[in-house]
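Below, each chain spelled out in residue letters.
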Amino acid sequence: MKVIDHINQAKKTLVSFEILPPLKGKGIKAIYDHLDPLMDFKPAFINVTYHRSETMFKKQADGSFSKIEVRKRPGTVGICAAIMQHYKVDPVPHLICGGFTREETEHALIDLAFLGIDNVLVLRGDAAKNEASFEPEPNGNRYAIDLLKQVVNLNHGIYLEEEVKDYGNAKFCIGVAGYPEKHFESPNREMDIQYLKAKVAAGAEYVVTQMFFDNQKYFEYVDKCREAGITIPIIPGLKPIYSKKQLSILPRIFHVDMPMALSEAITKAKTDEEVEEVGADWLLAQSRELKNAGVPVLHYYTLGKPKLIHKVVKELF
Ligand code: FAD
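This report concerns the structure included in the present document. (Residues numbered from 1 in each chain as written. Predicted model: local features only at pLDDT ≥ 70, side-chain atom pairs only at ≥ 80, totals over all residues. Heavy atoms only, no water.)

**Some points on the overall build of the protein**
Under the convention used in this document: In DSSP terms, a helix is any run of H or I states spanning at least four residues, a strand is any run of E spanning at least two, and both are numbered starting from the N terminus. Here the globule rule reads 2.2 Å times residues to the power 0.38, and the radius of gyration is calculated from C-alpha atoms. Each residue is placed in one exposure class: buried if its accessible area under a 1.4 Å probe, protein chains only, is under 20% of its type's maximum, exposed if it is over 50%, and partly exposed if it falls in between. Residues count as neighbours in contact if any of their non-hydrogen atoms are within 4.5 Å of one another. Note on areas: Shrake-Rupley, 1.4 Å probe, and residue coverage restricted to the protein chains presented here. Charged residues are defined narrowly, with Lys and Arg counted positive, Asp and Glu counted negative, and His plus the chain ends left uncounted. The atoms used to mark charge sites are NZ of Lys, CZ of Arg, CG of Asp and CD of Glu.
The number of helices and strands found in the protein is 11 helices and 10 strands. A compact globule built from 317 residues would reach a C-alpha radius of gyration of about 20 Å, and the protein, at 20 Å, matches this within 12%. Principal axes of the C-alpha set define a box for the protein whose edges measure 60 × 60 × 45 Å. Counting over 317 residues, the protein shows a buried share of 49%. Pairs at least 24 residues apart make up 75% of the contacts formed inside the protein by residues separated by at least 6 positions. As presented, the protein carries roughly 15800 Å² of accessible surface, and 52% of it is formed by carbon and sulfur atoms. Distance from the positive charge centre (41 side chains) to the negative charge centre (42 side chains) of the protein: 4 Å.

Shown next as structure tokens:
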């Protein structure tokens, strides 16, 4: 079932989760161990992130180095299929521009359609670690909107090389990313919202936001999007705090602010267990306020912390 149908049919706020594929070598048990407790909350859907390969240098016997491409977390499509089969819950694979030619993207979409997967979250992806800024593959998609248009085309039976008769393939429901604190490459928030509006005009059906720790930023963002004429659901993305290191890592990697009260509480905590308590309290307060405001879905980035998420969501649903 499509995410947008879940939202339209719901009478109250839904819950959804987002997971990372495990590191290469770990089996599907790692995913089931992570998700099993969270199934208590009957998530409407589960997102599975996509991680492109990284360039590394491997030392050869003669002392020289050779360049290799390593994918540490493969398996997004397989995990989605396993989730659907094992839990009968709708998976949402993330699909990125980076590292894919348009042809490879088409093949991935054909595989997803054969599996009966109804949803994709389309993203540009970040620059590869050895690049200063994002570069698409030769014949790859540059922006999320280009990838989105490719999915929309395929939904209409328009493939890269030919237009084929529509035999009733999956019609993907397409989600896109939004940034309450603006995407870090955008010159300003208004422009970022205009690009989001273009993605909506091209066929995006809902937005999932980057994490934020101050609900006011989400509420203001939704207001600005509505003023700009974006009417589709905007799902808040929520991440738990569980270690002191996140105080500097999250702003650096995700370009988000941490409110003063949260930063002080984390700084005062003596152990990571105490930080986790601070994080759980903050996440619960954020979730409660968002739920009371009637958001369509509370989307949790569970990222290795299912117990913390379970503790919080148990208080709400
Ligand atoms: P875009 O919409 O393409 O925007 C990228 C930048 O270009 C923005 O600054 C935008 O304002 C600007 N822009 C957009 N269109 C145009 C245009 N036509 N002309 C000029 N500028 C334009 N990354 C992963 O690698 N894997 C994941 O699984 C993943 N999951 C994510 C899930 C969520 C909910 C979010 C919020 C992010 C996720 N990311 C993931 C990170 C994402 O790939 C990065 O934030 C990336 O830098 C931008 O992706 P985007 O889809 O927002 O890009």
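Okay, back to it.
**Here we look at the sheet that holds strand β8 (residues 206–211)**
Selection criterion: Strand pairing is defined by DSSP finding a minimum of two bridges between the two strands. Axis geometry follows a simple rule: fit a line to the C-alpha atoms, using only the stretch in contact for helices, then measure angles between N-to-C directions, giving values from 0 to 180 degrees.
Reading around the circumference, β1-β2-β5-β6-β7-β8-β9-β10 is the order of the eight strands in this closed barrel, with parallel pairing throughout. Averaged over all adjacent pairs, the angle separating strand axes in this sheet is 30°, with direction ignored.

**So, the pattern of salt bridges**
Short version of the rule: Each reported salt bridge corresponds to a side-chain nitrogen of Lys or Arg within 4 Å of a carboxyl oxygen of Asp or Glu.
For the coordinates displayed, the defined rule picks out eight salt bridges. The shortest N-O distance in the salt bridge between Arg 124 and Glu 185 comes to 2.8 Å. In this pair, Arg 124 sits in the loop between β6 (119–123) and α5 (144–155) while Glu 185 sits in the loop between β7 (173–178) and α6 (189–202), placing the two residues 61 residues apart along the sequence. The salt bridge involving Asp 257 is made with Lys 217; its shortest N-O contact spans 3.5 Å. You can see Asp 257 sitting in the loop between α8 (246–254) and α9 (260–268) and its partner Lys 217 sitting in helix α7 (residues 215–227), a full 40 residues away along the chain. Judged by relative accessible area, which is 47%, Asp 257 ranks as partly exposed. Residue class for Lys 217 comes out partly exposed when judged on its relative accessible area of 22%.

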